[in-house]
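These are the residues of each chain, in order.
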Amino acid sequence: MTEALMSTYNRLPVSLVRGDGARVWDADGREYLDALAGIAVCGLGHAHPEVAATVAEQAATLVHCSNNYRIPAQERLGARLAALSGHERVFFCNSGGEANETALKIARRHGHDRGIDEPNIVVCEGAFHGRSLALLTASGNRRIQAGFEPLVQGFVRVPYGDLRTLERVAANRSNVVAVLVEPIQGEGGIRVPGDAYLPALRELCDRHRWLLMLDEIQTGIGRTGAWFAQQHAGITADVTTVAKALGNGVPIGACLARGDAAEALVPGSHGTTFGGNPLACRAGLTVLDVIEREGLVARAGALGGWMLDAFRQRLGEVTGVRAIRGRGLMIGIELEHDCGELMRRALDAGLLINVTAGKVVRLLPPLVIDDQQAAAIVDGVSSLVEAFLREREAAPA
Ligand code: PLP
């Protein structure tokens, strides 16, 4: 029955109908271990009882009322996020893309406030920020831009992790107002920059009065072993975007800002019908409560570190494995071959995984996986990779 749907996805041939923690079941009752969490969304796993109870209770109380009125749950969630991240003000929306659109508008508005008529924003090669016209322009991937030209003006692209080009941009252009960067590139292949990168970016942005805008849509809400990946680097961005894991599957996004960036938007300059409604914000508050109470941020760091070591021990010397990298429960295994078919093979083996950037096996399991499940993911994924590479190495070139 997929004929009625626009073919924006090459869907795997399975219908997932039920979940419990890190396990999901298909319509035929077959069980899978989820090493993807809906692409970094279900940090608390599936059907979390507290989230389910909160959503049910709020659905029976007040789902929506519009941002023309005060929304206590939104105010509470805004304050919690601001405190956790070191930001001051929050704009709620429904997705990562909308959070990033908000960030771009803040940057441009901030530029105009500074008297810069054609503000430009620096973005990176290999980045992924979303699918709107502005965000596919900001993303550094020709594949998602092709066919949607003309692209949006006002972006300057630099290599990810490279500070020298940024310094050159700073020396040659006076209309740059902000840098938008992922602390770890997700769709781009779990690319982890050197430890010095984010602190140097912070310093460079301060020196040139640019806003540092970090897209933490995939890295945020505990996944990397800190509430926000920027905290590993000991810095605070001027603007941070989050979404994915904040609602554990209930759509919600947020753009956090501090300093001048927090004051850039005023009544009439931005808005949303659904964003920050009581249902989504109650879900978000419950997610933060559970993560905090169960110490899941530290657990993601420790368990992720163990998994990364285990993968390195098992696959580090295998021919055809180019790199194993990640932070916390955000792990990538880069191969020398295109390996998209591993998603299907994993499914057959009872595992949900992802392949991104053609050659990178991407794992983003729920933060609540237990030790046995973590070991099962390492073993299952390693076996799949080994078998796949044996075949590739044996195949005639
Ligand atoms: N930014 C990053 C880093 C992402 O990983 C994604 C989604 O994968 C987005 C932005 C876009 O988020 P959404 O699909 O919720 O619009």
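Draft legend 1. Fine view of the sheet that holds strand 11 (residues 321–327). Reading across from one edge, 11-12-15-14 is the order of the 4 strands in this open sheet, with antiparallel pairing throughout. Each edge of the open sheet carries a strand with a single partner, namely strand 11 and strand 14 (354–356). Taken pair by pair, the neighbouring strands of this sheet meet at an average axis angle of 25 degrees, ignoring direction.

Draft legend 2. Fine view of the pairing of strand 2 (residues 23–26). Sheet analysis places strand 1 (residues 16–20) next to strand 2, joined by 4 bridges and oriented antiparallel. Counterpart to Asp20 in the pairing with strand 2 is Arg23. The loop that links strand 1 with its antiparallel partner strand 2 comprises 2 residues; one of these, Gly21, has a positive phi angle of about 60 degrees. Two strands pair when backbone bridges link them, and strand 2 and strand 3 (residues 31–34) are joined in this way by 3 bridges, in the antiparallel orientation. Of the residues in strand 3, the one forming a bridge with Arg23 is Leu33. Adjacent in sequence and paired antiparallel, strand 2 and strand 3 are bridged by 4 residues, among which Gly29 carries a positive phi angle near 85 degrees.

Draft legend 3. Expanded view of the packing of aromatic side chains. By the definition in use, this model includes 1 aromatic pair. Seen from their ring centres, Tyr160 and Tyr197 are 5.5 Å apart, and the 75 degrees between their planes marks the pair as edge-to-face. One end of the pair, Tyr160, is in the loop between strand 6 (155–158) and helix 7 (163–172); the other, Tyr197, is in helix 8 (residues 197–208), and 37 residues separate them in sequence. Since its relative accessible area comes to 16%, Tyr160 is described here as buried. Directly above the aromatic system of Trp25 lies the positively charged group of Arg18, at a separation of 4.1 Å from the ring centroid.

Draft legend 4. Here's a closer look at the sheet that holds strand 2. Pairing in this open sheet of 4 strands is mixed, and the strands run 1-2-3-13 from one edge to the other. On the outer flanks of this sheet lie strand 1 and strand 13 (351–352), each paired with one strand and no other.

Draft legend 5. Representation of the packing of helix 10 (residues 296–315) against helix 12 (residues 371–394) within the structure. Packing of helix 10 against helix 12 leaves a shortest axis separation of 10 Å and a crossing angle of 30 degrees. In terms of their interaxial angle, helix 10 and helix 12 are classed as roughly parallel. Considering the relative orientation of helix 10 and helix 12, their crossing is right-handed. Taken together, the residues of helix 12 that come into contact with helix 10 (itself represented by Arg299, Leu303, Trp306, Met307, Ala310, Phe311, Arg314 and Leu315) are Asp371, Ala374, Ala375, Ile377, Val378, Asp379, Val381, Ser382, Ser383, Val385 and Glu386.

Draft legend 6. Fine view of the pattern of salt bridges. Taken as a whole and judged by the stated rule, the model has 26 salt bridges. Salt-bridge contacts for Glu341 lead to Arg345; the nearest nitrogen and oxygen are separated by 2.7 Å. We note a salt bridge from Arg345 to Glu391, for which the minimum N-O separation is 2.9 Å. With Arg345 in helix 11 (residues 342–348) and Glu391 in helix 12, this pair connects stretches of sequence that are 46 residues apart. A residue is classified by how much of its surface remains accessible, and Arg345, at 22% relative accessible area, is partly exposed. Within this structure, Arg191, Arg322, Arg325 and Glu334 form a network of salt bridges that share partners.

Draft legend 7. Structural detail: the site of the ligand. Surveying the vicinity of the ligand reveals 13 residues, the closest of which are Gly96, Gly97, Asp215, Gln218 and Lys244. Within the side chain of Lys244, one N or O atom sits 3.1 Å away from an oxygen atom of the ligand. Across the complex, the protein chains shield 79% of the 390 Å² of accessible surface that the ligand would expose by itself. Take the shell around the ligand: its biggest share by element is 3 residues, from helix 4 (residues 96–113).

Parameters and conventions
Sequence order as written defines residue numbering, which begins from 1 separately in each chain. Two thresholds apply to this predicted model, a pLDDT of at least 70 for residue-level local features and 80 or more for giving and counting side-chain atom pairs, whereas whole-chain, interface and lining totals are computed over all residues. Side-chain calculation: all heavy atoms of the structure are included, whereas hydrogens and water are not. We treat two strands as partners when DSSP finds at least two bridges between them. Secondary structure elements are taken from DSSP: a helix is a run of H or I of four residues or more, a strand is a run of E of two residues or more, and numbering for both begins at the N terminus. Inter-axis angles, ranging from 0 to 180 degrees, are taken between N-to-C directions of lines fitted to C-alpha atoms, where helices are fitted over the stretch in contact. Aromatic contacts are taken between Phe, Tyr and Trp rings whose centres are within 6.5 Å, Trp giving its six-membered ring; a plane angle under 30 degrees counts as stacked, one over 60 as edge-to-face, and the others as tilted. Here's how the labels work: a residue is buried when its accessible area is under 20% of the maximum for its type, exposed when over 50%, partly exposed in between, all with a 1.4 Å probe on protein chains only. Comment: the charge-over-ring label is applied if NZ (Lys) or CZ (Arg) is within 6 Å of the ring centre and within 35 degrees of the ring normal. The labels follow the angle: roughly parallel below 35 degrees, roughly antiparallel above 145, roughly perpendicular from 65 to 115, and oblique for the rest. Crossing handedness is defined as follows: a turn of the near helix away from the far one that is anticlockwise and smaller than a right angle gives a left-handed crossing, while the clockwise case is right-handed. In what follows, residue pairs with any heavy atoms lying within 4.5 Å of each other are defined as contacts. Whenever Lys or Arg places a side-chain nitrogen within 4 Å of a carboxyl oxygen from Asp or Glu, that contact is recorded as a salt bridge. Note on definitions. A residue lies near a molecule or strand when any single heavy atom of the residue is within 4 Å of it. For this analysis, a polar contact is any N or O atom pair within 3.5 Å, provided that within protein one partner can donate a hydrogen and the other can accept it, and provided that sequence-adjacent residues contribute only side-chain to side-chain pairs. Using a 1.4 Å probe, accessible areas were evaluated by the Shrake-Rupley method; residue-level cover was limited to the displayed protein chains.

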